[in-house]
Amino acid sequence: MHSFVRAAIIAAALSSASALHAQTLTLQDAIERAINASPQGKAAAARQDVLVASRDQANTKPSPTIDVLAENLGIGGQDLRDQIQLTATYNQRIERGGKRAARIALVEGDMDVARAEALVRLLDLAANVHRLYVEVQAAEASIVNAQERVDIAAAAQREVQRRVDGARDPLFAGTRAKTQLAEARVDLELAVHARDAALVRLAALWGGSADGLRVGSEAFLTLDRLPVGGTMAAADLAVFEARRKRSDAAIALERSNAVSDPTISAGPRLIGTGDVAVVAGVSFPLRNRRLANANVARAQAEQRQIDAELAVERYQRNQAIALAAEKVEESRHEVEAIRDRVLPGARQTLAEVRAGYARGGFSFLDVSTAQRELAAAHARLVQAATRYHQAGVELDRLTGRLAPLVQEAR
């Protein structure tokens, strides 16, 4: 037996033996591991810490100032020295128009946006985990099909060899049967390697090892995604709602900034004669109405932009949801048709051809053709089921179906 054929058999045997003792990894387990290992949680917490500090900063009143002014300094006689004045004033700007509350509301709007965006990033991570999980399931299903192909090819090779030994078939028929068996074993080895590689890619999402893990493919051909369709994920919608709430706070802040803030001043004045006086005053900045209106108009325009972006996002998401739902249904019909109609016919054809071949009614070429047709039907079934689940992953991400799992894993 050729060395690479022996390697394929050994690899398949080791894979089957290790699978018996491997830990079955569910989709929920994989999502939890990826989320717990991701630095996104720490990044989101750090961003919230920054915004908390910004809110404390926004909750402070304007800092007071102290002005010191010396007047009538010069060179002259006693009369000039008597006119020297030294004034020190304490100045405090008084905020009006609810500026402090508006600043706080704006920062709290940023905090809401940050929380909503953090959840969306986790949903994207969960969708990536789900895609790789489906990839592993598809590889597992391919191993099952490859193993069945090996069993069929091995049985056919034994039958052909008996006929060759009995001089009922030429020698090349036996050689061809051995080649097909070797090809089936190589395909099994490649399927095992593909499954192992997919597991490594999945485990890499949490920086772990794929050793001792398995993903069951028993439910891979279970088409239980009902009902299809849905609406835009609440998490994605929450981002726009938070951004719009923040834009309301931005408009309120610009309107409050349009209100002039008086500055109250008071302090002592020392005169060169030795007298002391008290000075007090109040100042109002001149209002720039044009600038204030422009700032409010800009904030309102930004809010309209958010509304327009939400409308575009809804439109695109609804189209994407409809397309993903259609792909789910299309793949479902293909899987059901192959599973319920094509595969039974291919199996029956192979059984009938092999029975006829045993009686001498067919050639090995007929057996080989029936085997390849069954293998092609198996491969097509796995491909259709993979498309079904991949479209389901896209649909789940668009509609936010995995949001409860993500919330539980946080």
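Rules of the game
Residues numbered from 1 in each chain as written. Predicted model: local features only at pLDDT ≥ 70, side-chain atom pairs only at ≥ 80, totals over all residues. Heavy atoms only, no water. Pairing = 2+ DSSP bridges. Helix = DSSP H or I, 4+ residues; strand = E, 2+ residues; numbered from the N terminus. Expected span 1.5 Å × (residues − 1). Bend = angle between axes of the 7 residues up to and from the residue. Salt bridge = Lys/Arg side-chain N within 4 Å of Asp/Glu carboxyl O. Axes fitted to C-alpha atoms, helices over the stretch in contact; angles between N-to-C directions. Parallel < 35°, antiparallel > 145°, perpendicular 65-115°, else oblique. Left-handed = near helix turned anticlockwise from the far one by under 90°. Contact = heavy atoms within 4.5 Å. Nonpolar A, V, L, I, M, F, W, Y, C, P; charged D, E, K, R; others polar.

Examining the pairing of strand 3 (residues 85-93)
- Note: strand 2 (residues 65-71) against strand 3, seven bridges, orientation antiparallel. By the bridge assignment, Ala70 is partnered in strand 3 with Leu86.
- Note: strand 3 against strand 5 (residues 263-271), seven bridges, orientation antiparallel. Bridging across to strand 5, Gln92 finds its partner in Ile264.

A short note on helix 8 (residues 289-358)
- The end-to-end C-alpha distance of helix 8, which contains 70 residues, comes to 99 Å, matching closely the 104 Å that a straight helix rising 1.5 Å per residue would cover.
- A bend of about 35 degrees at Ile338 is the largest found in helix 8.
- In the segment just after helix 8, Gly360 is the residue with positive phi, at about 90 degrees.

Comments concerning the pattern of salt bridges
- Under the criterion given, the structure shown has 31 salt bridges.
- With its nearest N and O atoms 2.7 Å apart, the salt bridge here joins Glu95 to Arg103.
- Bridged by salt links that share partners, the residues Asp124, Asp236, Glu313, Arg317 and Arg397 form one connected network.

Considerations on the packing of helix 2 (residues 27-37) against helix 5 (residues 99-165)
- Put simply, helix 2 and helix 5 touch, their axes get as near as 9 Å, and they point 135 degrees apart. The angle between the axes of helix 2 and helix 5 places the two elements in the oblique class. For the pair helix 2 and helix 5, the sense of crossing is right-handed. Listed contacts from helix 5 to Leu27, Ala30, Ile31, Ala34 and Ile35 of helix 2 are Leu122, Leu125, Ala126, Val129, His130 and Tyr133.
- For the contact of helix 2 with helix 5, the per-class residue count stands at ten nonpolar, one polar and no charged.

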